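Residue strings, one per chain:
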Amino acid sequence: MGAVPSEPKHVAIIMDGNGRWAKHHGLPRTAGHQAGLEAAREIVRKASEHGIRILSLFAFSSENWLRPKAEVHALIRLFGEALDQEIDRLVQNGIQIRFIGDRSGFPNRLQEAMQRAEAASFAGERLTLVIAVGYGGRWDLCQAARTLARRIHEAELSEDRINEAEFEACLSTGGLPDPDLFIRTGGERRISNFLLWNLAYSELYFSDTLWPDFTVKHFEDALNDYRGRQRRFGRTPGQVRCSRHA
Ligand code: FPP
């Protein structure tokens with residue numbers, strides 16, 4: 001088991017603090033999200049340079065639907081514009097896009113744009129960019145449970161064959177390795193319903209920096225911090241030290 005972290009293969013980020021950043025600058029919250037998009041663009045660029053294979057970004061949670069209508073509409077518009085502007089560049093750079101979450105609440109044209117982006121970038125091998133929209137970890141667990149129940153009902157699966165691998169395969173993240181490193185910006189120390197199953201053994205890193213101010217330097221600080229962690233996956237420190245030298 002890889003106890004000595006080198007570079008994380010999968011990094012998951014909660015990009016928090018756009019609203020407060022905007023307030024500090026005397027701007028509307030939507031300007032904070034626009035600035036957040038710029039920050040995300042830089043981190044995506046840097047991630048593949050560090051050999052990260054999967055970058056998961058929490059762009060819109062299942063709970064974000066509860067925000068004021070104008071902010072929700074502005075976010076939806078921003079996602080649509082960002083997809084239109086970025087897709088060619090992402091494809092040229094070998095980036096595969098994968099959306100996770102319940103898309104049914106989004107306007108049809110955005111759902112279609114998401115599908116088009118996934119299809120156009122399918123062959124990308126450099127980095128998989130997972131964008132969580134309308135996503136909640138509990139939603140994902142429930143939809144996986146429904147899929148398993150349906151498969152049992154249709155006699156494709158027997159209940160005694162449900163194990164972690166079968167369950168994982170039914171999650172919207174099916175097939176992706178778990179995040180090695182989870183980063184949350186903006187000062188809060190919580191997971192907020194992101195990747196509940198997948199973060200079981202992730203290393204957690206919290207930054208007080210508001211997301212629009214989170215530069216490549218801050219990202220590299222997080223990667224450096226990760227390199228100093230000892231990942232034990234339930235083993236003892238002694239066992240982990242032995243496996244390093246094995
Ligand atoms: C949380 O900050 C941020 C969001 C709910 C939206 C995140 C969206 C982006 C960064 C732009 C789009 C990015 C991609 C990859 C499509 P907050 O609004 O909760 O900030 P606050 O805690 O200061 O109020």
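Above: the structure in question.
Undergrad: Tell me what's going on with the environment of S48, and back it up with residues and numbers.
TA: Among the secondary structure elements, S48 is positioned in helix α2 (residues 29-49). Residues S48 and L127, spaced 79 residues apart in sequence, show a C-alpha to C-alpha distance of 6.0 Å. Sequence-distant contacts of S48, that is, excluding residues within four places in its chain, are made with R126 and L127.

Undergrad: Tell me about helix α7 (residues 216-227), and name the residues and values.
TA: Given a rise of 1.5 Å per residue, twelve residues ought to cover 16 Å, and the 16 Å separating the end C-alpha atoms of α7 matches this to within 8%. Buried positions along α7 lie against β1 (10-14), α2, β5 (181-184) and β6 (203-206).

Undergrad: Can you lay out the site of the ligand for me, pointing to particular residues and giving the numbers?
TA: Inspection of the region around the ligand gives 16 residues, with D16, G19, R20, R29 and R67 positioned closest. N18 has a polar backbone atom sitting 3.1 Å from an oxygen atom of the ligand. Starting from 630 Å² of accessible surface for the ligand in isolation, the protein chains cover 89%. Secondary structure elements with two or more residues in the shell around the ligand: α1 (18-24), α2 and β2 (54-61). If one sorts the elements of the shell around the ligand by residue count, α2 sits on top with four residues. Grouping the constituent residues of the shell around the ligand by class yields six nonpolar, six polar and four charged.

Undergrad: Tell me about the nonpolar core, and name the residues and values.
TA: One finds I13, L55, V133, I183 and F219 to be the most contacted residues of the largest nonpolar core, which totals 41 residues. Take this core: its biggest share by element is seven residues, from helix α3 (residues 69-92). Beyond its immediate chain neighbours, meaning those up to four positions away, F219 contacts V11, I13, I43, K46, A47, I52, I183 and F214. One finds A12, A132, Y135 and F194 within the second-largest nonpolar core, a separate group that totals 13 residues.

Undergrad: Residues and numbers for the pairing of β5, please.
TA: Side chains L181 and I183 of β5 all project onto a buried face; the interleaved residues F182 and R184 project onto the opposite face, where all are buried too. Pairing of β1 with β5, which is carried by four bridges, proceeds in the parallel orientation. Each residue of the ladder has a partner; that of V11, found in β5, is L181.

Undergrad: Could you give me a rundown of the sheet that holds β6, with the residues and numbers involved?
TA: Across the sheet, six strands lie side by side as β3-β4-β2-β1-β5-β6; this open sheet has parallel pairing. Taken across any chain shown, the strands that pair with only one partner, and hence form the sheet edges, are β3 (95-100) and β6. On average, adjacent strands in this sheet sit at an angle of 20° to one another, irrespective of strand direction. Taken together, the five bridges between β1 and β2 define a ladder with parallel strand orientation. Bridge pairing in β2 places I14 opposite F58. Running at roughly 140° to β5, α7 makes contact with β1, β5 and β6 of the sheet.

Undergrad: Pulling in residues and values, what's your account of the packing of aromatic side chains?
TA: When we look at a pair of aromatic rings, we describe it by the centre distance and by the angle of the planes. Inspection of the entire model under this criterion finds twelve aromatic pairs. Each ring, one from F58 and one from F194, has its centre 4.2 Å from the other, and the planes form 10°; the classification is stacked. With F58 in strand β2 and F194 in the loop between β5 and β6, the pair connects residues that are 136 residues apart, well separated along the chain. Here F58 and F194 have matching classes, each one buried. Centre to centre, the rings of Y135 and F194 are 5.9 Å apart; their planes meet at 90°, and the pair counts as edge-to-face. Note that Y135 is positioned in strand β4 (residues 127-135) and F194 in the loop between β5 and β6, a separation of 59 residues in sequence.

Definitions and limits used
Residues numbered from 1 in each chain as written. Predicted model: local features only at pLDDT ≥ 70, side-chain atom pairs only at ≥ 80, totals over all residues. Heavy atoms only, no water. Helix = DSSP H or I, 4+ residues; strand = E, 2+ residues; numbered from the N terminus. Contact = heavy atoms within 4.5 Å. Expected span 1.5 Å × (residues − 1). Near = heavy atom within 4 Å. Polar contact = N/O pair within 3.5 Å; in protein donor to acceptor, adjacent residues only side chain to side chain. Areas by Shrake-Rupley, 256 points an atom, 1.4 Å probe, with all protein chains shown as cover. Nonpolar A, V, L, I, M, F, W, Y, C, P; charged D, E, K, R; others polar. Core = buried A, V, L, I, M, F, W, Y, C linked by side-chain atoms within 4.5 Å. Buried < 20%, exposed > 50% of the residue type's maximum accessible area, 1.4 Å probe, protein only. Pairing = 2+ DSSP bridges. Axes fitted to C-alpha atoms, helices over the stretch in contact; angles between N-to-C directions. Phe/Tyr/Trp six-rings, centres within 6.5 Å; stacked < 30°, edge-to-face > 60°.

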